[in-house]
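As a plain string of letters, each chain reads:
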Amino acid sequence: MTEPKCIPLESIVGEAVGGKAEGLVRLLGYGFDVPAGFVITGATSGNLPIDLDEHYARIGARKVAVRSSATGEDSGDASFAGQYDTLLNVEGTEALRTAIEDCLDSLENARAVAYRDEQTGQREVQMNVVVQQMVDARVAGVLFTANPINARRDQVVVDAVSGLGEALVSGHATPDHWLLARDGSVFESDVHGDDPVLSDAELTLLLDGALRAEERYGAPLDMEWAIDQDGELRWLQARPITQLPADPNELDTDPDPADVYTWCNIGEMMPGAVTPLTYSITGRGIDIGMQRTYRRMGVGIPPGEGIRYVGMFYGHLFINLTTLSELAAAVAGSTKAQMCIALCGRDVEEVLDPEPAPALTRAMNGARYFALLLAAAKHRRALDALRAALDLPKLGSAQELYRGIDEHLPQVWNAYELHLLSSASSGALSPILLGILAKGEEPTQEHHAEVAEMLAGAKDVESADIAEGVERVIDRLLDNPDAREAFASADSEAALAWLCSSDAASAGEEFQRYLQRHGHRAVRELELRQKGWAVDPAPLIASLQSGLRARLEHGTPRRTERVKQPSSGRHPFIRRLLPLAHAAIRSREYTKSGLVAVTTAFKHAYRALGSQMVAEELLPDQDALFFLTHQELGELVGGRRELADLALSRRRVVDYQMPLHFPQIFSDRPEPVRLDPAEGRDGALVGKPVSRGAVTGRARVVETLEEAAALQAGEILIAPITDVGWTPYFSLIAGLATDVGSAVSHGAVVAREYGLPAVVNLGVATSRFQTGDLVTLDGDRGTLAPA
């Protein structure tokens, strides 16, 4: 048995003294002011070091703190916070021995044993004990060099209370709280007394010291500290922040501070945070497609295919308006204002007008641009051919599967290029129509509504058939006498099984035709982690059940014929442009479906790779694959096995990233914001009208597609955003309102096709209203108001 002994903190070199003591030793080695003390190792209850009194006398034989330092304690995996006993203000040799015995005995207390079993599974644990001089604290507290709530490494958390910090860590006192940036600026503060317990100078002292310790330690730290009655800062603990997920800004773009970004358009196409794999494929695909398209138009883009137009912050994708305005400088007929209106619905003054190229160059590039617009049909055929010829490997070793995907990535870049080329006219014509109506002025709500009305005339739009196809299936279900019990009233799994059986008859056949055409679609469909309806039809089944129940209860809904607005007839040029605008919408929606189909082929290939990596013990589960970039997956297959842990760490931070909101326009790095609504009279929210008409009805507020299954016929759907994955419900609702969106988003296109009043960019509609509220949605004025 090891003899118990005392080791002064400053004399410890390599001994196993437990996490808390090791942290104090490191702080001493970094030159930090740590109260004098020693560590007791090898002791058990009734068997203490024979020189204990001597070491106690060496540190002054005065009041001390007796603290646990067990093996595994204060590690990055488990803190053991509060599980073992800490005794403060211990004075005298007999009291010290009793306190040490109590600390040793706490190794086997019920809470500590339960914690170890749950968090670490440790069986053999050695309890060491730290004895340190007490600090006569004026103020004390804790400090985290990264935010433990959201894992942000750019935020430092300071909590402080008057006197000893024990009241804080035990939960018996509410602290003054600061959330600091690393440069010392204050994100937020919460002071509970008349005056803060820390001065600005003391906050700066704490911040500087903590960041120095973190730099030396090499990891974000959880630190305890005290400032004594003489104003001296003493450091009492330093340990890694336990279970800290990956940095939510780890993969952020490094922006030029002068560049202006927006979430418009791309945030509607890819709402919420994307996985690292999606960023490296979808994000890069959008960027490369845009670069190649611009080069075809003669824009002088530097060689290479690095990221130029797509930025990522907090896992969300953004468009760089500054670099995107290169087109306005190089191509006749294109302006910065038109580009901004096409993306954001308005000119963005923060984006400076670029220096124009020589007139001849602009004219030649304008001709190239016009030729590309005329070649949309050729680009559609090329995308169809690419989709038909795509053949990705599904069997083989992880290395073989990865190599097969990697060799086919140029097909993804080609697909994005072809989609952007075939849909370029859609983005160009909408701002032209607005400009004609507004006569060069800033477009009004009425102008936006008028353009929405004009665009509603587009027929045979691919995305509109997603909703129409649902109605066709429901029509067949209504013909089946067993559908009410076997489908409408069944749970999702049973309903799917029945619909795929011969008992469903023509309804089942129509459902299979629907999946054949639209099975690759889904909500957030360009997110590689998201399964298409053919693989996971549960959201589609929920929509069909809701629609069928509504038809059974209320009969077949009648469509209200849209009353055409006569204003466009007063503009001869508009009459000529409208057929082109409608054709552009059809082209864009058709190639978007093709692009999603190509993406879906890669989804299947990556899932096959993930399964094989699990089989080869490279990943713990298939889903972890999506939290590494494509390049990192290659490195993991090649032997960098530590990347598997990084994938799991990144997956834990996505719940923080997903619901974040950002300013519509910003420069440099954005800070997440609470959305501020634009309000009109009588508490109405003001947004952007994208489909005309007005309706009053009960609100159905849903945050996720799963919640939409509760929709009732005639309700007004209020959602954060709608992409093509929501459209199966459009045959059921009476109107659409979203927090974000644009006139050319897929939800707006389908709403117009269905004659549904729709308003987007309402900001906080999902938090302002509740399900069951009686509301009026006005697609002419762009408002949502209590009725």
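Everything here concerns the structure above.
In short, a report on the structure. Just so it is clear, the model here is predicted, and its values are computed rather than measured.

## Some remarks on the pattern of salt bridges
Close approach of charged atoms lets side chains of opposite charge pair. For the coordinates displayed, the defined rule picks out 35 salt bridges. We note a salt bridge from R152 to E671, for which the minimum N-O separation is 2.9 Å. Taken as a pair, R152 in the loop between strand 6 (137-144) and strand 7 (155-162) and E671 in the loop between strand 15 (665-667) and strand 16 (685-686) lie far apart in primary sequence, 519 residues in all. For R152, a relative accessible area of 1% translates into the label buried. One salt bridge connects R296 with E417, and the closest N-O pair in it is separated by 2.8 Å. Note that R296 is positioned in helix 8 (residues 276-296) and E417 in helix 14 (residues 398-438), a separation of 121 residues in sequence. The buried category is assigned to E417, whose relative accessible area is 9%. If you follow the salt bridges from partner to partner, you end up with E462, D465, R472, E510, R513 and R517 in one network.

## Brief notes about the environment of L625
By secondary structure assignment, the location of L625 is in the loop between helix 21 (572-615) and helix 22 (630-637). Taking C-alpha positions, L625 is 7.7 Å from L277, a pair spaced 348 residues apart along the chain. If we ignore the near neighbours within four places in the chain, the residues touching L625 are L277, Y606, L609, G610, M613, L619 and L633.

## Structural notes on the packing of aromatic side chains
By the definition in use, this model includes 11 aromatic pairs. Judged by centre distance (5.7 Å) and plane angle (15°), the rings of Y261 and F666 are stacked. Of this pair, Y261 sits in strand 12 (residues 260-262) while F666 is found in strand 15, placing the two residues 405 residues apart along the sequence. A relative accessible area of 3% places Y261 in the buried class. The exposure class of F666 is buried, given its relative accessible area of 7%. These aromatic residues form a ring-pair network of at least three members: Y261, F313, Y314, F318, F662 and F666. Here R26 stacks its cationic end above the ring of Y217, 3.7 Å away from the centre of that ring.

## A word on the sheet that holds strand 17 (residues 688-691)
Read from one edge of the open sheet, 8 strands run 16-23-22-18-19-20-21-17, paired in mixed fashion. Strand pairing shows two members of the sheet lacking a second neighbour, strand 16 and strand 17, which therefore form its edges. Bridging between strand 18 (residues 694-701) and strand 22 (residues 774-778) involves 5 bridges; their strand directions are antiparallel. What sits directly across from G697, in strand 22, is V775.

## Considering the sheet that holds strand 10 (residues 221-228)
A sheet is described by the order of its strands in space; here 6 strands give the open sequence 9-8-7-6-10-11, paired in antiparallel fashion. Either end of the sheet is taken by a strand with one partner, and the two such strands are strand 9 (186-190) and strand 11 (233-240). Direction aside, the axes of adjacent strands within the sheet are offset by 15° on average. Both strand 10 and strand 11 contribute to a ladder of 7 bridges, which runs antiparallel. Following the sheet pairing, M223 is matched in strand 11 by A238. Those strands touched by helix 1 (residues 19-29) are strand 10 and strand 11, and its axis lies near 125° from that of strand 11.

## Let's talk about helix 3 (residues 93-105)
In an α-helix there are 3.6 residues to a turn, and that puts residues three or four apart on one side. Taking 1.5 Å of rise per residue, 13 residues should cover 18 Å, and helix 3 covers 18 Å from first to last C-alpha, within 8% of that figure. Listing the buried residues of helix 3 in full gives L96, A99, I100, E101, C103 and L104. Against strand 2 (37-41), helix 2 (52-58), strand 3 (64-68), strand 4 (87-90) and strand 5 (129-133) lie the buried residues of helix 3.

## Section: the packing of helix 16 (residues 464-478) against helix 20 (residues 538-554)
Running from amino to carboxyl end, helix 16 crosses helix 20 at an angle of 55°, the nearest separation of the two axes being 10 Å. By the angle class used here, helix 16 and helix 20 are oblique. Like other packed secondary-structure pairs, helix 16 and helix 20 cross with a definite hand, here right-handed. For the pair helix 16 and helix 20, the contacting residues are V470, E471, V473, I474, D475, L477 and L478 in the first and L540, S543, L544, G547, L548, R551 and L552 in the second. Of the residues that constitute the contact of helix 16 with helix 20, the class distribution is 9 nonpolar, 2 polar and 3 charged.

## Observations regarding a negative patch on the surface
Residues D536, E703, E706 and E707 make up a contiguous surface patch of negative charge. Structurally, D536 is set in the loop between helix 19 (505-518) and helix 20.

## With respect to the environment of A376
By the element assignment, A376 lies in helix 13 (residues 376-389). When the C-alpha positions of A376 and A583 are compared, they lie 9.9 Å apart, and in sequence the two are 207 residues distant. With near-sequence residues (within four places) excluded, A376 lies in contact with S422 and S587.

## Quick notes on helix 13
Between its first and last C-alpha atoms helix 13 spans 20 Å; for 14 residues at 1.5 Å apiece the expected length is 20 Å, and the two agree. What helix 13 keeps buried is the set A376, H379, L383 and L386. In an axial view of helix 13, the angular spread of the buried residues amounts to 80°, which keeps them on one side of the axis. Of the exposed residues in helix 13, the ones pointing more than 90 degrees away from its buried face are R381, A388 and A389.

## Some details on the layout of surface pockets
The space that makes up the second largest pocket amounts to roughly 1200 Å³. Lining the second largest pocket are 44 residues, and of these P271, G272, R524, M658 and E703 sit closest to its centre. Among the secondary structure elements, those contributing two or more residues to the lining of the second largest pocket are strand 14 (316-320), helix 24 (654-657) and helix 26 (765-768). In terms of residues, the lining of the second largest pocket owes the most to one element, strand 14, which gives 3 residues. Broken down by class, the residue content of the lining of the second largest pocket amounts to 23 nonpolar, 10 polar and 11 charged.

Conventions and cut-offs
As a convention, each chain's residues are numbered from 1 in the sequence order in which they are written. Under the rules for a predicted model, residues below a pLDDT of 70 receive no local features and side-chain atom pairs below 80 are neither given nor counted, while totals for whole chains, interfaces and linings still include all residues. With hydrogens and water excluded, all non-hydrogen atoms of the structure serve as input to the side-chain values. Only one rule defines a salt bridge in this text: a Lys or Arg side-chain nitrogen within 4 Å of an Asp or Glu carboxyl oxygen. Helix and strand definitions follow DSSP, with helices as H or I runs of at least four residues and strands as E runs of at least two, each counted in order from the N terminus. The buried label goes to any residue with under 20% of its type's maximum accessible area, the exposed label to any with over 50%, and the partly exposed label to all in between, with areas taken from a 1.4 Å probe on protein chains only. Residue contacts are counted whenever heavy atoms from the two residues lie within 4.5 Å of one another. Pairing of aromatic rings covers Phe, Tyr and the six-membered ring of Trp, with a centre-to-centre limit of 6.5 Å; geometry is then stacked below 30 degrees between planes, edge-to-face above 60, and tilted otherwise. Remark: a charge is flagged as sitting over a ring if the NZ atom of Lys or the CZ atom of Arg is within 6 Å of the ring centre and within 35 degrees of the ring normal. A strand pair is defined by DSSP finding two or more bridges across the two strands. Axis lines are fitted through C-alpha atoms, for helices just across the contact stretch, and the angle between N-to-C directions can take any value from 0 to 180 degrees. Expected span, for any helix, means 1.5 Å times one less than how many residues it has. In these notes the angle categories are as follows: under 35 degrees is roughly parallel, over 145 is roughly antiparallel, 65 to 115 is roughly perpendicular, and the rest is oblique. Left-handed describes a crossing in which the near helix is turned anticlockwise from the far one by less than a right angle; the clockwise case is right-handed. Residue polarity is assigned by list, with Asp, Glu, Lys and Arg as charged and Ala, Val, Leu, Ile, Met, Phe, Trp, Tyr, Cys and Pro as nonpolar; anything else, Gly included, falls into the polar class. Note that patches include only residues with greater than 30% relative accessible area and no salt bridge, and the join distances are 9 Å for like charges and 5 Å for nonpolar side chains (Val, Leu, Ile, Met, Phe, Trp, Tyr). Accessible surface area values rest on a Shrake-Rupley calculation with a 1.4 Å probe, where residue burial reflects the displayed protein chains alone. Positive: Lys, Arg. Negative: Asp, Glu. His and the chain ends are not part of the count. Positions of charges follow a simple convention, taking NZ of Lys, CZ of Arg, CG of Asp or CD of Glu. Starting at the helix axis, one direction is taken to each C-beta atom, and the arc is that of these directions. Cavity means a closed set of points on a 1 Å grid over the protein atoms alone, one where a 1.4 Å probe fits but cannot get out, pocket means an open set with protein on both sides within 12 Å along at least 5 of 7 lines, and lining means a residue has an atom within 4 Å of a point. Grid points are joined across faces, edges and corners, and a volume is the space filled by probe spheres set on the points.

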